[in-house]
Amino acid sequence: MAYAEVIPLLTKKTIDRFNKYIKKTDSCWLWTGRKFTAGYGMFEIYDLNLGKKRKTTSHRISWMIKNGTIKRNLFVCHSCDNPPCVNPTHLFVGTQSMNLQDAIAKGRFQNIARGRQLIGEKNNRTKLTIDDVTAIKVLNSRGMSSLMISQIFNVSENCIRRIVSGHSWKYHAAS
Ligand SMILES: [Zn+2]
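Since we're looking at a predicted model, the values are computed, not measured. (Residues numbered from 1 in each chain as written. Predicted model: local features only at pLDDT ≥ 70, side-chain atom pairs only at ≥ 80, totals over all residues.)

Caption draft 1: Layout of the pairing of strand S3 (residues 42-47). Strand direction decides the pairing type here: S3 and strand S4 (residues 52-57), joined by 6 bridges, are antiparallel. Counted as the bridge partner of Phe-43 is Thr-56 from S4. Hairpin connection of S3 to S4: 4 residues between the antiparallel strands, including Gly-51 at a positive phi of 75°. (Pairing = 2+ DSSP bridges. Helix = DSSP H or I, 4+ residues; strand = E, 2+ residues; numbered from the N terminus.)

Given below as structure tokens:
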């Protein structure tokens, strides 16, 4: 996926605006503003690199407010595995593949895959939930091949391609 580097103009005014969307709990700082489909907070900043406004993830901005700008091929990952969290102490920098391996290691996607298998055995047909579709889109956006995703979710590669290209898919509530 093409990815332009974001160099945000972090003025005091921008940081004040950012802080208004944070609800602090004992551990995670939850983003209360708009969110991307995968659950990450969305924040619009003036990008010095592009010379115009653009939207980026809130946790990335939070990391930059605390630590400075970040190279474009590096991801800001959550140690708490909570997408809307912007607590800088819960964030660490990794490569794209580290980010993906981290998510898989934490079992989020393995659990979904296991759930899929159980549903498949019970009803002898494949069902995808809204959470599955979200996870499929996240995995795809992080560079995982449709073949690999199809194996995780036990559906056809064609089905994965239809989902990531935004074509309609049949939703059945998991029973
Ligand atoms: Zn957190």
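Caption draft 2: Spotlight on the packing of helix H5 (residues 130-141) against helix H7 (residues 157-164). One can describe the packing of H5 onto H7 by two numbers: an axis separation of 10 Å at closest approach and a directional angle of 85°. As far as their axial angle goes, H7 and H5 are roughly perpendicular. Here Val-133, Ile-136, Lys-137 and Asn-140 of H5 lie close against H7, whose contacting residues are Ile-160, Ile-163 and Val-164. Its residues assigned to classes, the contact of H5 with H7 comprises 5 nonpolar, 1 polar and 1 charged. (Axes fitted to C-alpha atoms, helices over the stretch in contact; angles between N-to-C directions. Parallel < 35°, antiparallel > 145°, perpendicular 65-115°, else oblique. Contact = placed C-beta atoms within 7 Å. Nonpolar A, V, L, I, M, F, W, Y, C, P; charged D, E, K, R; others polar.)

Caption draft 3: Spatial organisation of the confidence of the model for the protein. Across the protein, the average pLDDT comes to 77, with 73% of residues at or above 70. Low pLDDT, under 50, characterises residues 118-125; the predicted model gives this stretch 4 contacts beyond four residues in sequence or across chains. Across residues 170-175, where pLDDT falls below 50, the model places 5 contacts with residues more than four positions away in sequence or in other chains. (pLDDT = per-residue confidence, 0-100.)

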